[in-house]
Amino acid sequence: MLEIIVFSTLNGLLYGLLLFMLSSGLTLIFSMMGVLNFAHASFYMLGAYFAYALGLHVGFWPALLLSPLLVAGLGAVVERFGLRRVHEHGHVAELLFTFGLAYVIDETVHLLWGSIPVSYTAPEYLRAPLFSLFGTDYSIYRGVTMMIAVLMFVALWYLLRKTRVGMMIRAALTHGAMVGHLGHNVPRLFMGVFAFGCALAALAGVIGGPLLSTEPGMAQALGPVVFVVVVVGGMGSLLGAFYASLLIGLVQTFFVALDVSIGDLLNAVGFGVDPYGEVTGITLASIAPMTPFILLVLILIFRPRGLMGELEP
Amino acid sequence: MLEVNDLHAYYGKSHILNGVNFSMKEGEVVALLGRNGVGRSTTVKAIMGEVPPQGSIRFRGEEIAGLPNHRIARKGLGYVPENRDIFPTLSVRQNLELGIKNTRRPGKWKVEQFLEMFPNLAQRADSPAGVLSGGEKQMLTISRTLMGDPELIMIDEPTEGLAPLIVKQIGELISEIARAGVSILLVEQKLSIAMDISHRVLVMGHGQIVFEGTPQELRADEAIRKEWLEV
């Protein structure tokens, strides 16, 4: 039992931090530009594939750095020559644009790398155990990923709280026009934030690819969960996105790990039902993928502005 | 310094500005008066590009109509909108610092100077600006725009809804700005501070300038005041 708790907590935190890498960019872009970027998870997938392709030539570590940079450049181009033009026609047009873009990216990945997973893995020495507990190994790679995720969180906090650019971003979150009236180039700031958000998504792909699986369906597998994080955390709230990421990461991981059925739970509180019945026999593990969406529905009914948000979706 | 020629602007299909003409000289304080809805705010918004302008707007001889707002601001035109757009999550000090356009070339106005001028702002220098009162927010937005060293500042209804004591303080700040040699276009509904501070007064009606003269001339012209200003 203790083993399950320790490892599920570690894995849940890691999954949560990966979710936060994706949702932080998405929520920044949303609150600045009012665009829910449907293609955000596709940039995450590109991050993983670029790291895989680059890694074949330059090695794992340089690829880890280069891939997010490349995706950031791509994001900047998409914002400058795509979104900025579409923006004049309103939010629905923008939404449809990012929706289309997501499919274009997904199909391009299919074309270039095929529909089966590619063998994007961490180097051999990183797959060695960092420590063993109760006979289960925790790999060095998982430790490294956790560290990168935490570093990224600290860097993001520092950027937004302590730098002049961060001040500008926070001001533009609520009063974009006024920031422009003071002589600051807000469209360029938007492009920078969009590119930065894409880079964070790509970084999640780079470090998450070897852990999860680098395949063409990875964007569609994670994309909806990232949207849930943003809504549950509260539209436009970074802190909310952080809490929601960890919450969903931990809940999903624990549900997968626990060998318990609905019937077992009901019996534990004294209901006395058949633990092998058609409904009561369903295990928590099989409900796990559904938990983010159950949370989404409950949040929208009972607290539509999310955990920390000020805006209603 | 500023020449506005045959300026038109629309909100959707309604024609708000219907050929506005006026000019301002260096160091001049000009009041733009008129009742609600005659197009005073729209005039300054069109100059800043917030409402798409049609016609000619020249600042120091350069055409600026239709430029993005940050480029207009960088040419030396400051704008304080009427809704006191402070950045609520940033501290008072950070609000002022964001007014600086180029940190490597500091201008003639200093953060400390405004904190000295307004002890209320000094007390809350490191608190989020969202907690300030209406009057304090007004002081902060004007000061913040000054941090960018504008040569001409357009201030939209700075005294609206404020207590007489605060109105007096804002009048003093505007006089201080004028003494520093900055040109001021002051948009107001009431005559109060505008008449004491301005060199020249423009009155708007139906999207056009309907009177232009000194405050004394406007005082003497009861017909104009009755028709275009008094409620």
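Above: the structure in question.
Residues numbered from 1 in each chain as written. Chains lettered and ligands numbered in written order. Predicted model: local features only at pLDDT ≥ 70, side-chain atom pairs only at ≥ 80, totals over all residues. Heavy atoms only, no water.

Looking only at helices and strands, chain A features twelve helices and two strands. Relative to the compact-globule value of 20 Å for 313 residues, chain A shows a C-alpha radius of gyration of 21 Å, a close match. For chain A, the spread of C-alpha atoms along the three principal axes comes to 65 × 50 × 40 Å. For chain A, with 313 residues in total, the buried portion stands at 49%. In chain A, 75% of the contacts between residues at least 6 apart in sequence involve partners at least 24 apart. Only carbon and sulfur atoms are counted for the fraction: they give 71% of the accessible area of chain A, which is about 14,500 Å². Across chain A, 12 positive and 15 negative side-chain charges occur, with their mean positions spaced 22 Å apart. (Helix = DSSP H or I, 4+ residues; strand = E, 2+ residues; numbered from the N terminus. Rg over C-alpha atoms; globule rule 2.2 N^0.38 Å. Buried < 20%, exposed > 50% of the residue type's maximum accessible area, 1.4 Å probe, protein only. Contact = heavy atoms within 4.5 Å. Areas by Shrake-Rupley, 256 points an atom, 1.4 Å probe, with all protein chains shown as cover. Lys, Arg positive; Asp, Glu negative; His and termini not counted. Charge placed at Lys NZ, Arg CZ, Asp CG, Glu CD.)

Taken as a whole and assessed by the stated rule, the structure comprises 15 salt bridges over all chains. A:Arg84 serves as the salt-bridge partner of A:Glu79, at 3.3 Å between the closest nitrogen and oxygen. Between B:Arg60 and B:Glu151 there is a salt bridge; the shortest N-O distance is 2.7 Å. Here B:Arg60, found in the loop between strand 4 (54-59) and strand 5 (62-63), pairs with B:Glu151, found in the loop between helix 6 (134-146) and strand 7 (152-156); they are 91 residues apart in sequence, far enough to count as distant. Judged by its relative accessible area of 44%, B:Arg60 falls in the partly exposed class. The partly exposed category is assigned to B:Glu151, whose relative accessible area is 30%. (Salt bridge = Lys/Arg side-chain N within 4 Å of Asp/Glu carboxyl O.)

On to the interface of chain A and chain B. Contacts between the two partners involve 19 residues from chain A, matched on the other side by 23 residues from chain B. For the interface between chain A and chain B, the tally reads nine residue pairs in polar contact (both at pLDDT 80 or more). When contributions to the side of chain A that touches chain B are tallied by element, the ones reaching two or more residues are helix 6 (164-181) and helix 7 (186-208) of chain A. By residue class, the composition of the side of chain A that touches chain B is nine nonpolar, seven polar and three charged. (Polar contact = N/O pair within 3.5 Å; in protein donor to acceptor, adjacent residues only side chain to side chain. Nonpolar A, V, L, I, M, F, W, Y, C, P; charged D, E, K, R; others polar.)

Turning to the sheet that holds strand 2 (residues 14-24) of chain B, a few remarks are in order. Backbone-to-backbone hydrogen bonds join strands into a sheet, with any given pair of strands oriented parallel or antiparallel. All names here are of chain B. Spatial strand order, 2-1-4-5: four strands in an open sheet with antiparallel pairing. Bordering the open sheet on either side are strand 2 and strand 5, each of which pairs with just one other strand. On top of the sheet, helix 1 (residues 40-48) reaches strand 1 (2-11), strand 2 and strand 4; it is set at about 105° to strand 1, its chief contact. (Pairing = 2+ DSSP bridges. Axes fitted to C-alpha atoms, helices over the stretch in contact; angles between N-to-C directions.)

Let us look at a nonpolar patch on the surface. Residue and element names in this part refer to chain A. Residues Leu 239, Tyr 243, Leu 247, Val 251, Leu 307 and Met 308 make up a contiguous nonpolar surface patch of roughly 460 Å² in combined accessible area. When you line up the elements, Val 251 lands in helix 9 (residues 238-257). Among the residues examined, Val 251 registers a relative accessible area of 31% and is labelled partly exposed. (Patch = residues over 30% accessible without salt bridge, like charges linked within 9 Å, V, L, I, M, F, W, Y side chains within 5 Å.)

Let's shift gears to the sheet that holds strand 9 (residues 200-205) of chain B. All names here are of chain B. The six strands are arranged 6-7-8-3-9-10 in an open sheet whose pairing can be described as mixed. Of all the strands in the sheet, the pair left with one neighbour each is strand 6 (77-80) and strand 10 (208-213). Across the sheet, the mean angle separating the axes of adjacent strands is 20° when strand polarity is ignored. Two strands pair when backbone bridges link them, and strand 7 and strand 8 (residues 183-187) are joined in this way by five bridges, in the parallel orientation. Its bridge partner being in strand 8, Leu 152 is matched across the sheet by Ser 183. Contacts from helix 7 (residues 164-179) reach strand 3 (29-33), strand 7 and strand 8, with the element oriented near 150° to strand 8. Taken strand by strand, helix 10 (residues 222-229) contacts strand 3, strand 9 and strand 10, and its axis lies near 45° from that of strand 9.

Residues and elements named next belong to chain A. Running from N to C, helix 1 (residues 2-33) and helix 8 (residues 218-233) cross one another at 70°; their axes reach a closest spacing of 9 Å. When the axes of helix 1 and helix 8 are compared, the pair comes out roughly perpendicular. For the pair formed by helix 1 and helix 8, the contact residues are Tyr 15, Leu 19, Leu 22, Ser 23, Leu 26 and Thr 27 on the first element and Leu 222, Val 225, Val 226, Phe 227, Val 229 and Val 230 on the second. Partitioning the contact of helix 1 with helix 8 into residue classes produces ten nonpolar, two polar and no charged. (Parallel < 35°, antiparallel > 145°, perpendicular 65-115°, else oblique.)

With 93 residues, the main nonpolar core has A:Leu19, A:Met32, A:Phe43 and B:Phe87 as its most contacted residues. Looking at this core element by element, the count peaks at 15 residues for helix 1 of chain A. Setting aside residues no more than four positions away along its own chain, B:Phe87 makes contact with A:Ala171, A:His175, A:Met178, A:Val179, A:Leu182, B:Asn95, B:Leu98, B:Ala129 and B:Arg144. B:Met139, B:Leu146, B:Val167 and B:Ile197 belong to the second-largest nonpolar core, a separate cluster that totals 44 residues. (Core = buried A, V, L, I, M, F, W, Y, C linked by side-chain atoms within 4.5 Å.)

Moving on, we get to the packing of aromatic side chains. Counted under the stated rule, the structure contains 16 aromatic pairs over all chains. Each ring, one from A:Phe7 and one from A:Tyr138, has its centre 6.1 Å from the other, and the planes form 50°; the classification is tilted. With A:Phe7 in helix 1 and A:Tyr138 in strand 2 (residues 136-139), the pair connects residues that are 131 residues apart, well separated along the chain. Assigned by exposure class, A:Phe7 and A:Tyr138 land together as buried. Taking 5.3 Å as the distance between ring centres and 85° as the angle between the ring planes, the aromatic pair formed by A:Phe60 and A:Trp61 counts as edge-to-face. A residue is classified by how much of its surface remains accessible, and A:Phe60, at 13% relative accessible area, is buried. Taken together, the aromatic side chains of A:Phe20, A:Phe153, A:Phe242 and A:Tyr243 make up a single cluster linked through ring pairs. One cation-aromatic arrangement involves B:Arg144 over B:Phe87; the distance from NZ or CZ to the ring centre is 4.3 Å. (Phe/Tyr/Trp six-rings, centres within 6.5 Å; stacked < 30°, edge-to-face > 60°. Lys NZ or Arg CZ within 6 Å of the ring centre and 35° of its normal.)

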